[in-house]
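# Architecture and fold: a report
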Amino acid sequence: MTIPYLHLKKFARRWPTLKGAGAQYSVFSLKLSNIRQLVLLLLTLSVPGFASFQAPDSLSRVPDSLKTGTDTTLLKKNETVKSKTDIDSVVYTKANDSLFFFVQEKKMSLYGSGDLRYKETNLKSGNIQVDFVTKNVDAIGVYKDSSSKEAQETPVLVDKGEEYRGTRMRYNFKTTRGFITFAATKNKAEEAAYSGAKINKIDKSTFFVENGIYTTCDEKDPHYCFVATEMKVIQKEQMVGKWVWLTFGGVPFPIPLPFVVVPLQSGRRSGLIAPAYGERENMGKSFTHFGYFWAMNDYMDLALTGDYYTKGGYGLQSRYRYSSRYNYSGYFQGSFSRIHQGETSDPDYTKQQDWQLDLVHSQTLTPSSRFDANLHFMTQNYYKLNSTSYSDILNNEINSSATYFTQWEESGTSLSMSYSRRQIIASGHSDETLPAISFSKSQVYPFKRSKAVDDEKWYELIGINYSANLQNNRKKDETGLAIRGGIQHNLNMGASPKMGYFNIAPSISYRELWYNKRVVKRVVRGFGSNDSTVVDSVITDDMNQLNFVRTYGLGVSASTKVYGIVQPQFAGIAAIRHIFSPSISYNFTPDFSKSKWNYYDEYTKSDGTKVKYNKFEREIYGGASSGESQTMSFNMSNAFEMKTMVDPRDTTSKENKIQLLNLDGGVSYNFSADSNRFSDVNISYRTQIGSLFNLSGSSRYSLYSYNEQGVTTRHFLINDRNRLLRLTNFSFSASLTLAGSKIETESGEQKQNADTAGIDKLFTSQDTKTYKGLFESVPADFSIPWNLSLSYNYSLSKYNPLIPATYSTVYSRFDINITPKWKFSVTGCYDINNKQFAAPQVEVTRDLHCWLMNFTWNPIGQYTGYRFEIRVKAPQLQDLKVTKAEQFFGGR
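Residues numbered from 1 in each chain as written. Predicted model: local features only at pLDDT ≥ 70, side-chain atom pairs only at ≥ 80, totals over all residues. Heavy atoms only, no water.

### Quick look at the overall build of the protein chain
The number of helices and strands found in the protein chain is 5 helices and 52 strands. Per-residue burial over the protein chain gives 37% buried out of 892 residues. Relative to all contacts within the protein chain whose residues are 6 or more apart in sequence, the contacts with residues 24 or more apart total 49%. Carbon and sulfur atoms make up 54% of the accessible area of the protein chain, which amounts to about 51,700 Å² in all. (Helix = DSSP H or I, 4+ residues; strand = E, 2+ residues; numbered from the N terminus. Buried < 20%, exposed > 50% of the residue type's maximum accessible area, 1.4 Å probe, protein only. Contact = heavy atoms within 4.5 Å. Areas by Shrake-Rupley, 256 points an atom, 1.4 Å probe, with all protein chains shown as cover.)

Shown next, in the form of structure tokens:
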């Protein structure tokens, strides 16, 4: 069967002549035996269109005519043709001028903004030649006329996210090998580009580049680049250059490098950790954080680094991280340093050995149990001599903890076992709890019927809950190691019946303490300095003895809520609600200091005076209370809330609830006290306006007067000084946070910090230190034009009104983009009482397109000095930087 001739003479005038080929194929024939290599051919020549070529086992459609506006004749559905071509996917083509398909030679030509797409490959060029036998594609730009010196519509190839540009290109879309002349390529994912006189692609990921240039700068004339006579690029792995010149602004560095290896991998990768150079006072030149990072696999890695000081010793660090998503994650980190300052003959010569060990682990064992550990141990001077973090140096204590928790939902019980440790860096004191075990049983109602047939009886509302705690404390200071332990049991029974608008809650509480020690006090008599005055010295000793302390208390409380609502319906305010919650309670505790309880003992002074003391005053849960207590307490809580109106002009508008003010107050009265039965009046308040402004405070007032020494007396203040209340304590804090709207890019997406690119998401949840260099700092965020944080704290203590004590500080941080590329930041804390600054810091950052400049200055204080740094933004080249520092943290 023969397809009729296709007469295309009317379009021949628009076709360009390529060495006489145009007229030769202005008319051609198609035979079925010649088109068995094709599956689909759709051509539109009147306007730019697409032609698709496919090679399945059957041919379903073949065009009968290529004349504009002519309908095509389809083959019958049962006519199939077997394909022998190696093309295994649809090839889409497009051309603005014309498209030739040479059936006999199995070739195709595209003229005028040619566009060819095959699988993940897209080629655009002025002229494109396709050979379906060899699978080669040749592309070249076009010249406007014979006098033009620069080609237009030069080839652009995009292959799996990688973009290539050149003046001439040959590419095999089956082997994915190609050759590009005067080429340039860019990897959008890695934000890097390389170019050269010639690029030879030998496989899917390997390229050889002649006279190559590599840079992460996206400017036409890059601010910096690596220039190499020979270059090998392995996609997503590395770039290797031979005799490389590092060029800045077109000016090469005078000394070339024999070779350069630049990693192109994203995320974690093995390799050397570039060192940081610096200088420390009395320790000479420093060569720090040099080492190796080993990414073992997707779930663990290891970093080994070291520090060396020409006059001051050395340091070693290691860190091992691991993570299994949804299961566990953590790290182990250890450091050792041997630092000496000065010469051995100097009188102020010092030599110090310090170490640090961190263990962090988090694991979900079962759906109802988990284990978490955050342990930190170090010597007293480790931070002072080794850390470069401002927060570490100013930190005064180290806290460690480990907890195992599990629960049994069916029975309502839970168990937790924990370890905690607190170390004071300045003094070296430590306080740890090993172990701490807690068991609790949720509230049960023993008298409730399993199937209620009518209303609940009052006794069915009685609930009982139980908890137990075991602690063993170890306290170490200059006096030695002290160990105290104990077990506490708590059993509470109560009910909460509702009587009208009031909730009545009677309760009984029982507490039992188990101790293996108690104290014994005795008096030792001696003589004073004049050998005539008798002086008593009280000696306190520990006695190992199993003891039980049992106490109980009774109570009842009543509470209700009163609501008040105002609906102004103006200025966007729909309603304002006031919730008033008063409560009154009565609690009784007997006097456990009486001899029948045997919780108190006494000793006799030399003058015959007997002094009673608590035998369990040193124990972790304390002992029994002394004196009978019958306390009536009154508390009131006020909450003011506002609800905004819905904008009728906006269908997406919703009402918002805003907490305006919380105001609480309370006072109590002890019927059993001999004097001063009223407690201090307590008032607290807090408010929050969105995320901008926070304000909170509290105050205490006494009803009683004071004498000439400032000691509180038993007389009411209103009788002595004609005032009702006297302020004894006041505290106030306020914070304000303001920030400008985020700057968006031209595409509408918010700017992302370049430093966060390529981080492995598996490890982002871990609070671990990464080896970015010597000084760890948060990169400046240029997407926020300005940011202001202010906080003020004030406290006043007037328990002795004649000697008031005040504390007042202001903390502030202000960031502003002076220009879109300049950011200025100042941080500081000012002590108003002592009129001095604490740790002020000024920081200036300049965005240099592909570089980042940072200047940090500590103007005053122990850690005064400055640090200046310019570094490349790209994460794969973050160690390419220039740093200058003078006395920065050198005051140590």
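### Observations concerning unusual backbone geometry
Most peptide bonds are trans, and most residues other than glycine sit at a negative phi. Put simply, leucine 434 and proline 435 share a cis peptide bond, and its omega is -10°. The backbone of asparagine 598 shows a phi angle near 65°, a positive value even though the residue is not glycine. Examined against the element boundaries, asparagine 598 turns out to sit in the loop between strand S36 (573–589) and strand S37 (600–604). We note that histidine 849 has phi near 65°; this positive angle belongs to a residue other than glycine. Considering the arrangement of structural elements, one finds histidine 849 in the loop between strand S49 (836–848) and strand S50 (851–858).

### Some details on the packing of aromatic side chains
Across all of its chains, the model carries 29 aromatic pairs by this definition. A centroid spacing of 6.5 Å and a plane angle of 55° characterise the contact between phenylalanine 439 and tyrosine 466, whose relative ring orientation is tilted. Taken together, the residues phenylalanine 439 in strand S29 (residues 430–444) and tyrosine 466 in strand S30 (residues 463–477) connect sequence positions 27 residues apart. By way of ring pairs, the aromatic residues Tyr669, Phe671, Phe678, Tyr704 and Phe716 are connected into one cluster. Against the face of tyrosine 445 rests lysine 448, its NZ or CZ located 4.6 Å from the ring centre. Between arginine 721 and the ring centre of tyrosine 706, over which it is positioned, the NZ or CZ distance is 4.1 Å. (Phe/Tyr/Trp six-rings, centres within 6.5 Å; stacked < 30°, edge-to-face > 60°. Lys NZ or Arg CZ within 6 Å of the ring centre and 35° of its normal.)

### Section: the pairing of strand S27 (residues 397–408)
Bridge analysis of strand S26 (residues 369–378) against S27 gives 6 bridges, and the strand direction is antiparallel. Bridge pairing links serine 369 to threonine 406 in S27. In terms of strand pairing, S27 meets strand S28 (residues 413–424) through 12 bridges, oriented antiparallel. Across the sheet, residue threonine 403 finds its bridge partner in S28, namely serine 418. Counting the residues in the hairpin turn of S27 and S28 gives 4 residues, including glycine 412, whose phi is positive at 75°. (Pairing = 2+ DSSP bridges.)

### Some details on the pattern of salt bridges
In the structure shown here, the tally under the stated rule is 24 salt bridges. Its salt-bridge partner being lysine 448, residue glutamate 456 comes within 3.4 Å of it at the nearest N-O pair. Note that aspartate 847 and lysine 821 form a salt bridge whose closest N and O atoms lie 3.9 Å from each other. Note that aspartate 847 is positioned in strand S49 and lysine 821 in the loop between strand S47 (805–819) and strand S48 (822–831), a separation of 26 residues in sequence. Salt bridges linked by common partners bring Arg484, Asp542, Arg618 and Glu619 together as one network. (Salt bridge = Lys/Arg side-chain N within 4 Å of Asp/Glu carboxyl O.)

### Some details on a nonpolar patch on the surface
A contiguous nonpolar surface patch, about 480 Å² in accessible area, is contributed by Leu491, Met493, Ile508, Tyr510, Tyr552 and Leu554. Elements supplying a minimum of two residues to the nonpolar patch: strand S31 (480–494), strand S33 (502–527) and strand S34 (534–559). Tracing the backbone shows isoleucine 508 in strand S33. (Patch = residues over 30% accessible without salt bridge, like charges linked within 9 Å, V, L, I, M, F, W, Y side chains within 5 Å.)

### Re the side chain of threonine 845
On the secondary structure map, threonine 845 appears in strand S49. A relative accessible area of 3% places threonine 845 in the buried class. A distance of 3.3 Å separates the side chain of threonine 845 from the side chain of asparagine 854, its partner in a polar contact. (Polar contact = N/O pair within 3.5 Å; in protein donor to acceptor, adjacent residues only side chain to side chain.)

### A word on the pairing of S26
Here 10 bridges tie strand S25 (residues 350–366) to S26, and the two strands are oriented antiparallel to one another. Each residue of the ladder has a partner; that of threonine 366, found in S26, is serine 369. Connecting S25 to the next strand, S26, in antiparallel fashion are 2 residues.

### A few points about the state of the cysteines
By the definition in use, this model includes 0 disulfides. Cysteine 225 takes part in no disulfide bond, and the closest cysteine sulfur to it belongs to cysteine 217, at a distance of 9.1 Å. The buried category is assigned to cysteine 225, whose relative accessible area is 8%. (Disulfide = S-S within 2.5 Å.)

### So, the confidence of the model for the protein chain
Where the model shows low pLDDT, its predicted coordinates should not be examined in detail. For the protein chain, per-residue confidence averages 79 on the pLDDT scale, and residues scoring 70 or more make up 80% of the total. By mean pLDDT, strand S1 (residues 6–7) is the weakest element of the protein chain at 28, and S36 is the strongest at 94. A low-confidence stretch, residues 745–762 stays under pLDDT 50, and its non-local contacts, those more than four residues away or across chains, total 27 contacts. (pLDDT = per-residue confidence, 0-100.)

### Digging into the side chain of serine 125
For serine 125, the position within the fold is in strand S7 (residues 121–131). Beyond its immediate stretch of four places on either side in the chain, serine 125 contacts Ser113, Gly114, Ala139, Ile140, Gly141, Glu153, Thr154 and Pro155.

### Focus on the nonpolar core
In this structure, Tyr194 and Tyr214 are the most contacted members of the largest nonpolar core, which totals 43 residues. Top element by residues in this core is strand S15 (residues 224–234). It accounts for 5 residues. (Core = buried A, V, L, I, M, F, W, Y, C linked by side-chain atoms within 4.5 Å.)

### Quick word on the environment of arginine 522
Tracing the backbone through its elements, the reader meets arginine 522 in strand S33. Apart from residues lying up to four places away in sequence, arginine 522 is in contact with Ser537, Val538, Ile539 and Asp541. Of note is the side chain of arginine 522, whose polar atom sits 3.1 Å from the side chain of aspartate 541.

### Things to note about the environment of tyrosine 794
Its place among the elements puts tyrosine 794 in strand S46 (residues 786–797). If sequence neighbours within four positions are ignored, tyrosine 794 has contacts with Phe730, Ser731, Phe732, Thr806, Tyr807 and Ser808.

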